Amino acid sequence: MSHNRRTAARSARILGVSAASAALALGAAGSALACSLADFSAAALCDGGKGVITVTDKDASGVPAVVTVYLENNGSDLRQVGEQTVIGTKEGAQVQFAEEWKPGAVYRVHVTATRGTKTFVNDDIPLLTAPAKACAAEQTAKPSPSTSRSATGKPSPSASASTPAGDDTTATASGSAAAPAPGGNEVSPAAQESNLAETGADSNTPVIAGIAAALVAVGGAAVFFGMRRRGAGNRH
């Protein structure tokens, strides 16, 4: 009888120790999965040349948290930047706030994490100070000179200067037609020679003039003698 009692007591102690160990293990596991302020962090970053404030939640238990960001000025809230809800993950879930922060600006990030009626976090993470260098604006590529000329529709110098070989005749003809004749109304030497030939003013003109004069004199004498002869016949 006493032996059975000792065996039962030993078994009870073993069960008690096992239960206590299991309770401790569950408690430790629950503490590890519980949401805490240490799960949250914030940073002032640049995204595409614009400033942003990023808050990361690494709460593996996935408790929803409301994150509110304020711009500080001498220890007081100057303005509220924004407010968002984030559900943490083991790898880390992020929310971003668009903020053109200035170098050295200070921000306060408040976190409120609750599930049901239980509040896990209601506190500020350490103050966030922006970097000493502002975000650089993105530079757009400038078009090349050739692209600018084609965009405006103006032909390039090489295109306007190049002329087909067949256009030389046209250019020469138009240039000669457009050029005024030298001397205004002056007659060219070839025209003068042509006019002299038509009027007979060449080397044979004196001979012809002499013959004509002789013929005129002979004709005049014939007329004179004829008239005298007719007058003498009338008197007889």
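Computed from a predicted model, the values in this text were never measured in an experiment.

### A word on the overall build of the chain
Phase 1 of the analysis: When you go through the chain residue by residue, the secondary structure sums to six helices and eight strands.
Phase 2 of the analysis: Evaluated residue by residue, the chain yields a buried proportion of 17% over its 236 residues.
Phase 3 of the analysis: Contacts spanning at least 24 positions in sequence make up 61% of the contacts within the chain whose residues lie at least 6 apart.
Phase 4 of the analysis: Approximately 17200 Å² of the chain is accessible, and the part contributed by carbon and sulfur atoms is 59%.

### Quick notes on the pattern of salt bridges
Phase 1 of the analysis: Per the stated rule, a full pass over the model turns up four salt bridges.
Phase 2 of the analysis: The partner of R108 in a salt bridge is D124, with the nearest N and O atoms 3.1 Å apart. Here R108 is found in strand 6 (residues 106-115), whereas its partner D124 is found in strand 7 (residues 118-124), with 16 residues between them in sequence.
Phase 3 of the analysis: Taking relative accessible area as the criterion, R108 reaches 17% and is therefore assigned buried.

### A short note on the sheet that holds strand 1 (residues 40-47)
What holds strands together in a sheet is hydrogen bonding between their backbones, with the strands either parallel or antiparallel.
Phase 1 of the analysis: Spatial strand order, 1-2-5: three strands in an open sheet with antiparallel pairing. Strand pairing shows two members of the sheet lacking a second neighbour, strand 1 and strand 5 (93-98), which therefore form its edges. Strand-to-strand twist in this sheet, taken as the mean axis angle between neighbours without regard to direction, amounts to 25°.
Phase 2 of the analysis: Of the strand pairs in this sheet, strand 2 (residues 50-57) and strand 5 are connected by six bridges, and their pairing is antiparallel. In the strand pairing of strand 5, T54 is matched with Q96.

### Considering the nonpolar core
Phase 1 of the analysis: Membership of the largest hydrophobic core comes to 26 residues, with the highest contact counts inside it found for F40, V67, V69, V86, F97 and Y107.
Phase 2 of the analysis: At the level of elements, strand 1, strand 2, strand 3 (64-73), strand 4 (76-87), strand 5 and strand 6 are the ones that each hand at least two residues to this core.
Phase 3 of the analysis: Once residues lying within four places of it in the same chain are set aside, the contact partners of F40 are C35, T56, D57, A65, V86, V111 and I125.

### Structural notes on the state of the cysteines
Phase 1 of the analysis: Scanning all chains against the criterion turns up one disulfide.
Phase 2 of the analysis: One disulfide in the model links C46 with C135; its S-S distance is 1.9 Å. Across the disulfide from C46 to C135, rotation about the S-S bond amounts to roughly -90°, and the bridge is consequently left-handed. Here the residue C46 occupies a position in strand 1, and C135 occupies one in the loop between strand 8 (128-129) and helix 2 (145-152), the gap between them amounting to 89 residues.
Phase 3 of the analysis: What makes C46 partly exposed here is its relative accessible area of 45%.

### Digging into the pairing of strand 7
Phase 1 of the analysis: Alignment of strand 6 against strand 7, held across six bridges, turns out to be antiparallel. Its bridge partner being in strand 7, R115 is matched across the sheet by K118.
Phase 2 of the analysis: The antiparallel hairpin formed by strand 6 and strand 7 contains two residues in its connecting segment, where G116 sits at a positive phi of about 70°.

### A look at the pairing of strand 4
Phase 1 of the analysis: Taken together, the ten bridges between strand 3 and strand 4 define a ladder with antiparallel strand orientation. If you follow L71 over to strand 4, its bridge partner there is R79.
Phase 2 of the analysis: Once strand 3 ends, the chain turns through two residues before running back antiparallel as strand 4, passing N74 with a positive phi of about 55°.

### Some thoughts on unusual backbone geometry
Most peptide bonds take the trans configuration, and most residues that are not glycine carry a negative phi.
Phase 1 of the analysis: The backbone phi angle of N74 is positive, close to 55°, even though this residue is not glycine.
Phase 2 of the analysis: Residue classification places N74 among the exposed positions, given a relative accessible area of 78%.

### Overview of the side chain of T56
Phase 1 of the analysis: Relative to the helices and strands, T56 resides in strand 2.
Phase 2 of the analysis: Within the local environment of T56, its side chain forms a polar contact with the side chain of Q94, the two groups lying 3.2 Å apart.
Phase 3 of the analysis: Filtering out sequence-adjacent residues up to four positions away, T56 remains in contact with D39, F40, S41, G92, A93 and Q94.

### Considerations on a nonpolar patch on the surface
Phase 1 of the analysis: A contiguous nonpolar patch, built from V207, I211 and L215 and spanning about 310 Å² of accessible area, is present on the exposed surface.
Phase 2 of the analysis: With respect to the helices and strands, the residue I211 is situated in helix 6 (residues 205-235).

### Remarks on the environment of N73
Phase 1 of the analysis: For N73, the position within the fold is in strand 3.
Phase 2 of the analysis: Taking relative accessible area as the criterion, N73 reaches 36% and is therefore assigned partly exposed.
Phase 3 of the analysis: A sequence separation of 34 residues divides N73 from Y107, and the C-alpha atoms of the two residues are 8.7 Å apart.

The rules behind the values
Residues numbered from 1 in each chain as written. Predicted model: local features only at pLDDT ≥ 70, side-chain atom pairs only at ≥ 80, totals over all residues. Heavy atoms only, no water. Helix = DSSP H or I, 4+ residues; strand = E, 2+ residues; numbered from the N terminus. Buried < 20%, exposed > 50% of the residue type's maximum accessible area, 1.4 Å probe, protein only. Contact = heavy atoms within 4.5 Å. Areas by Shrake-Rupley, 256 points an atom, 1.4 Å probe, with all protein chains shown as cover. Salt bridge = Lys/Arg side-chain N within 4 Å of Asp/Glu carboxyl O. Pairing = 2+ DSSP bridges. Axes fitted to C-alpha atoms, helices over the stretch in contact; angles between N-to-C directions. Core = buried A, V, L, I, M, F, W, Y, C linked by side-chain atoms within 4.5 Å. Disulfide = S-S within 2.5 Å. Polar contact = N/O pair within 3.5 Å; in protein donor to acceptor, adjacent residues only side chain to side chain. Patch = residues over 30% accessible without salt bridge, like charges linked within 9 Å, V, L, I, M, F, W, Y side chains within 5 Å.

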